[in-house]
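Architecture at a glance
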Amino acid sequence: MYVVTMASQKGGAGKSTLSILLAAMFAHANLRCVLVDCDAGQHTVMAWAAQRPGREPAVLAVEGSAALEAACVEAGRRRADFCLVDTPAGIADVTTAAVARSDLVLIPTKCDVTDRWAVRNTVSTVARTGRRFLVVPTEVPARRLGLEASDLRRLRHDLADIEAHVWTGQISERRVISYDLAEGRVPSETDWRGPTNQECVALWRRMMEILQAGRPLTAGA
Ligand SMILES: Nc1ncnc2c1ncn2[C@@H]1O[C@H](COP(=O)(O)OP(=O)(O)O)[C@@H](O)[C@H]1O
Ligand SMILES: [Mg+2]
């Protein structure tokens, strides 16, 4: 089982949205996934799950690092392929614990100037732990004529020194994500061939490259 944590000190960076997009896509692709909601203040993931018919992906709400550890053990007991962990903004103890437990940390960030200023702090905090991490540009204006939005190009420029840790793709800004989440769904389920799912699949591939380079997933691991 791989533990993947979404972390960003800035609120509204897209942590909860990304965790839901990935977890539901994994479930749709028949990967076993447990989605752990550590954000006791918002519980965005639980609110989404409450709208959702069916029981996949399994969703667990936890408060505090001891409960997080128990949730990871439970995910392992359920033979999950992935345990995805959504965390609150700021530097909560539970986020520190989740990062320490992770095979990979995804750092979602939007690309506006305040987001670009903020992301460096999260990168530095996570990099100090020695965990593998990947910055994931989110809610980015869709590419036009094959060109990336100027704010994303600025983000890449700002993070040029850690280029290898910045995903070359993007999760684009699309209202359909919000409409689907409101109904307890994700775009992968409503439109597998659609652009949002293509981006999610591309991210999943990149995640697997990083994860398998570090620790190949073997049966029962
Ligand atoms: N790709 C996207 N397209 C459109 N809206 C998005 C996208 N990603 C995130 N959002 C919106 O941004 C806001 C913050 O996202 P959220 O996932 O709650 O951030 P966080 O969990 O980091 O606080 C929400 O209103 C969400 O709908
Ligand atoms: Mg959130």
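The rules behind these values
- Residues numbered from 1 in each chain as written.
- Chains lettered and ligands numbered in written order.
- Predicted model: local features only at pLDDT ≥ 70, side-chain atom pairs only at ≥ 80, totals over all residues.
- Heavy atoms only, no water.
- Helix = DSSP H or I, 4+ residues; strand = E, 2+ residues; numbered from the N terminus.
- 1 Å grid on protein atoms, 1.4 Å probe; cavity = no way out; pocket = protein on both sides within 12 Å on 5 of 7 lines; lining within 4 Å.
- Points joined across faces, edges and corners; volume = space filled by probe spheres on them.
- Nonpolar A, V, L, I, M, F, W, Y, C, P; charged D, E, K, R; others polar.
- Buried < 20%, exposed > 50% of the residue type's maximum accessible area, 1.4 Å probe, protein only.
- Arc of directions from axis to C-beta.

In the annotation of an unreviewed UniProt entry, the entry for the protein reads Iron-sulfur cluster carrier protein, and the organism field reads Methylobacterium jeotgali.

1. Remarks on the environment of Ala164
In this fold, Ala164 is placed in the loop between α6 (150-158) and α7 (175-182). Taking the C-alpha atoms as reference points, Ala164 and Ser102, 62 residues apart in sequence, are found 19 Å from one another.

2. A closer look at empty space enclosed by the protein
This model, assessed by the stated rule, comprises one cavity of 30 Å³ or more. The computed volume of the largest cavity comes to approximately 60 Å³. Lining the largest cavity, in full, are Ser8, Gln9, Lys10, Ala13, Ile107, Pro108, Thr109, Asp115, Ala118, Val119 and Thr122. Taken together, the elements giving at least two residues each to the lining of the largest cavity come down to β5 (104-109) and α5 (113-129). The dominant element in the lining of the largest cavity, judged by the number of residues it contributes, is α5, at four residues. In the lining of the largest cavity, the residues fall into five nonpolar, four polar and two charged.

3. Regarding helix α4 (residues 93-101)
Along α4, the residues classified as buried are Val94, Thr95, Ala98 and Val99. The buried side chains of α4 occupy one side of the element, clustering within an arc of 135° when seen end-on. Residues of α4 that are exposed and point over 90 degrees away from its buried face: Asp93 and Ala100.

4. Section: the layout of surface pockets
If you add up the space inside the largest pocket, you get close to 490 Å³. Every residue lining the largest pocket is counted, 26 residues in all, and those nearest its centre are Gly12, Gly14, Thr17, Lys110 and Glu139. Going through the elements one at a time, α1 (15-28) and α7 are the ones with two or more residues in the lining of the largest pocket. Its residues assigned to classes, the lining of the largest pocket comprises seven nonpolar, 11 polar and eight charged.

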